[in-house]
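Fold and contact review
Here's the letter readout for the chains.
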Amino acid sequence: MRTNFPHIRLRWHRVGSATAVTAALVLAGFGTAVHADATTSSKVTWAATPCATPKKSGELACNSLRVTGGTTAFQKARGITPKAADAATPSGYGPSDLQSAYGLTAASASNGSGETIAIVDAYNDPNAEADLAKYRSYYGLPACTSASGCFKKVSQTGSTTSLPSSDAGWSEEISLDLDMVSAIAPNAKILLVEAKSATMANLGKAVNEAVTLGAKFVSNSYGGSESSSDTSYDSSYFNHPGVAITVSAGDDGYGAQYPAASKYVTSVGGTALSTSSNSRGWTESVWKTSSTEGTGSGCSSYDAKPSWQTDTGCTKRMISDVSAVADPATGVSVYDSYGITAGWYTFGGTSASSPIIAAVYALAGTPGSSDYPAQYPYAHTSSLNDVTSGNNGSCSTSYFCTATSGYDGPTGWGTPKGVSAFTG
C-alpha cells in the first residue's frame, strides 16, 4: 500500500499585514483561503474539510473545501446579505441553479427513476439520512428515505448494521456528495457505501460492493499521489464495464492524482461557475485559487491511455475528461449537522463536480453492458460547454494546465449541456 500524504490544504493568503498570531497559525498549518471572485463584492474565505488531510499513512484525501465567510456568487447574484458562514440560510447554488447551468431542468424532472447512484466515501456519517432529508425538503425534492427504499447506507461489505467508525470530516464530504446527487437526479435511488478507512484498498472494496449491489453510477470524491501500484488497483477495483465511475481530479492545482488517472473512470475537473448575460445565462472558467489550490489535471505517470483519448501531448492517461463547478467562491449549498453546527454550508472542490457528473450519467440512462462510459463524452463533444479560459498552474505542455478551445486537462471537453454527451 502506498504511503500517501497529499500536502495540507488548509491554506492562507495574506490580505494586508499579517499579525504574529496569524503567522503562527500559518506556520502550524491552519488558516483559510481567500478568493476575490469577479462576481462577488467581498472576499470569500474557506478551508479544506478535515478529511482533506489524511489521518494515517496510506490514506487518501477527500477533495472538498467549506466556505467560512464572505459573499458567494450565489448571494451576490441574488442580493443576499448574510455572510456565507451563517448556517441559518443557504449561501451556495441549489438544485435549480445547477440544473439551469447545465441544461438539465427537464431531464432532472423526468429522468433517473429506477437508477441507483452510489457514493463511495470513508468512515460513517451517522446523520447522513437525516441531513439528506433536510436538503431535499428545503428544495422541494421528493423524499428519499431508507423506509421507502430510495436511500440505503452500507459498509464496504454490504452490511447495514456493522458500519465504520464515525468521522466528522468525512461526514461533511458525505453530505456534499449526497446533496449533489439529489440536486441533479432527484428521482434516482442513492446508495452510500462507507469504507472502514480511507485507504485505496478499503475504498476500492467499497467501489466493488457498490457495483455488486447494482449501482450503475459510482462517484468517488477522493484521491492522492500516483503510485506504481495504480495499474493493479485499476484491475482490482475500477474495471467495471457497464458502470459509469466518476472520480474527482483533485484540489491541489496542476498535477495528476489517482484514482482520477485510472483508464476505467471518468475523471472530473473543476470550474468557477457564474451567472452571465450570455445566451446560456452562465459562464465558466478553470477553477484556480493559487498555484497549489485549484482543479487537478495532468498526464499520468503510470496508467495507459484509453483508446478513445486522442490528445497527442500525453502518451499515457490524461486528466480530465469533463468538468463541473468546484470553486468554493461559486460553490454549492449543502446541509450538514455532524461535528459542526447543524445548518447550511457552502462547499467547493472537485468533490462537488464528481457526484454532479455521476448524476448526469444517471439522467442519461443505463450504460451499455460492455461499455466504459468514460468514452461517451469523447463521441459527443459538441454536447458540452467548452471552457476556454483560465489555468490551474504552470506546465510545459500548455493544454495540460491551461483551458483552450476543445480538449484541455483542467476541464476536459467541458461541462454538461444536457445529457447527450453522457450516453452511448
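Look up a bit, the structure's there.
Summarised in this report is the structure supplied together with it.

Side note on the overall build of the chain
Across its full length, the chain holds ten helices and 21 strands. On the principal axes, the C-alpha backbone points of the chain span a range of 55 × 50 × 50 Å. By the burial criterion, 60% of the 424 residues in the chain qualify as buried. Long-range contacts, defined as pairs at least 24 residues apart, comprise 74% of the intrachain contacts of the chain with a sequence gap of at least 6. Accessible surface, the chain as shown: approximately 14200 Å² in total, 51% of it carbon and sulfur. Both charge centroids of the chain, one from 26 positive and one from 31 negative side chains, sit 2 Å from each other.

Some details on the state of the cysteines
Scanning the entire structure with this criterion turns up four disulfides. The side chain of Cys51 participates in a disulfide bridge whose partner is Cys62; the two sulfur atoms lie 2.0 Å from each other. As the torsion about the S-S bond is roughly 90°, the Cys51-Cys62 disulfide counts as right-handed. Of the two residues, Cys51 is situated in the loop between β2 (44-48) and β3 (61-62) and Cys62 in strand β3; the sequence distance between them amounts to eleven residues. By relative accessible area, Cys51 is classed as buried at 4%. In this model Cys144 forms its disulfide with Cys150; the gap between the sulfur atoms is 1.9 Å. Across the S-S bond of Cys144 and Cys150 the torsion is about -95°, and the bridge reads as left-handed. Comparing Cys144 with Cys150, the two get one shared label, buried.

Some words on the environment of Ala256
Within the fold, Ala256 resides in the loop between β10 (244-248) and β11 (266-275). Here the alpha-carbon distance between Ala256 and Ala304, two residues 48 residues apart in the chain, equals 13 Å. When neighbours within four sequence positions are excluded, Ala256 is seen to be in contact with Glu226, Ser297, Gly298, Cys299, Ser300 and Ile319.

Here's the deal with the packing of helix α5 (residues 128-138) against helix α6 (residues 168-184)
The N-to-C vectors of α5 and α6 enclose an angle of 40°; their axes lie 10 Å apart at closest approach. Put simply, α5 runs oblique to α6. Crossing hand, α5 versus α6: right-handed. Contacts between α5 and α6 pair Ala128, Asp131, Leu132, Tyr135 and Arg136 from the former with Ile174, Ser175, Leu178, Asp179, Met180, Ser182 and Ala183 from the latter.

Describing the nonpolar core
In this structure, Leu98, Ile117 and Leu178 are the most contacted members of the largest nonpolar core, which totals 57 residues. Residue contributions to this core peak at nine residues, all from helix α9 (residues 350-364). The contacts of Ile117, once residues within four sequence positions are left out, are Val181, Ala185, Ala188, Lys189, Ile190, Leu191, Phe217, Ala358, Ala359 and Ala362.

Focus on the side chain of Asp177
By the element assignment, Asp177 lies in helix α6. Taking relative accessible area as the criterion, Asp177 reaches 0% and is therefore assigned buried. A polar contact is formed between the side chain of Asp177 and the side chain of Ser221, at a distance of 3.2 Å. Once residues lying within four places of it in the same chain are set aside, the contact partners of Asp177 are Ile119, Asp121, Ser221, Ser351 and Pro355.

Re α6
Between its first and last C-alpha atoms α6 spans 25 Å; for 17 residues at 1.5 Å apiece the expected length is 24 Å, and the two agree. Counting buried positions along α6 yields 16 of 17 residues, so the element is predominantly enclosed. In this structure Asp167 caps α6, since a side-chain oxygen of it lies 3.1 Å from the backbone nitrogen of Gly169.

Let's talk about the pattern of salt bridges
Applying the stated criterion across every chain yields a total of six salt bridges. Note that Glu172 is salt-bridged to Arg66, the shortest N-O span being 3.1 Å. Taken together, the residues Glu172 in helix α6 and Arg66 in strand β4 (residues 65-69) connect sequence positions 106 residues apart. Taking the relative accessible area as the measure of exposure, Glu172 reaches 3% and is therefore buried.

Criteria and thresholds
Note that residues are indexed from 1 along each chain, following the sequence as it is written. With pLDDT at 70 or above as the cut-off, local features in this predicted model cover only qualifying residues; side-chain atom pairs require 80 or more to be listed or tallied, and sums for whole chains, interfaces and linings still use all residues. Just so you know, side-chain values use all the structure's heavy atoms and leave hydrogens and water out. Segments assigned H or I by DSSP are reported as helices when at least four residues long, segments assigned E as strands when at least two residues long, and all are numbered from the N terminus. Burial status follows relative accessibility: with a 1.4 Å probe on protein chains alone, a residue under 20% of its type maximum counts as buried, one over 50% as exposed, and anything between as partly exposed. We call two residues in contact when some of their heavy atoms are within 4.5 Å. Every accessible area reported is derived by Shrake-Rupley at a probe size of 1.4 Å, with residue values counting cover from the shown protein chains alone. His is not counted, nor are the chain ends; Lys and Arg add positive charge and Asp and Glu add negative charge. Every charge is mapped onto a representative atom, which is NZ of Lys, CZ of Arg, CG of Asp or CD of Glu. Only a pair of cysteine sulfur atoms within 2.5 Å counts as a disulfide in this structure description. Note on geometry: axes are lines fitted to C-alpha atoms, helical ones only across the stretch in contact, with angles between N-to-C directions running from 0 to 180 degrees. For classification, angles of less than 35 degrees are called roughly parallel, those exceeding 145 degrees roughly antiparallel, those between 65 and 115 degrees roughly perpendicular, and all remaining angles oblique. Should the near helix be turned anticlockwise from the far one by less than a right angle, the crossing is termed left-handed; should it be turned clockwise, right-handed. Nonpolar cores were defined as sets of buried Ala, Val, Leu, Ile, Met, Phe, Trp, Tyr and Cys residues, with membership established by side-chain atoms within 4.5 Å. For the purposes of these results, a polar contact is taken to be a pair of N or O atoms within 3.5 Å, where, inside protein, one atom must be able to donate a hydrogen and its partner to accept one; residues adjacent in sequence count only when each atom of the pair is a side-chain atom. Multiplying 1.5 Å by the residue count of a helix minus one yields the expected span of that helix. By definition here, a salt bridge exists when the distance from a side-chain nitrogen of Lys or Arg to a carboxyl oxygen of Asp or Glu is within 4 Å.

Don't take any of this as a statement about function, it's just geometry.
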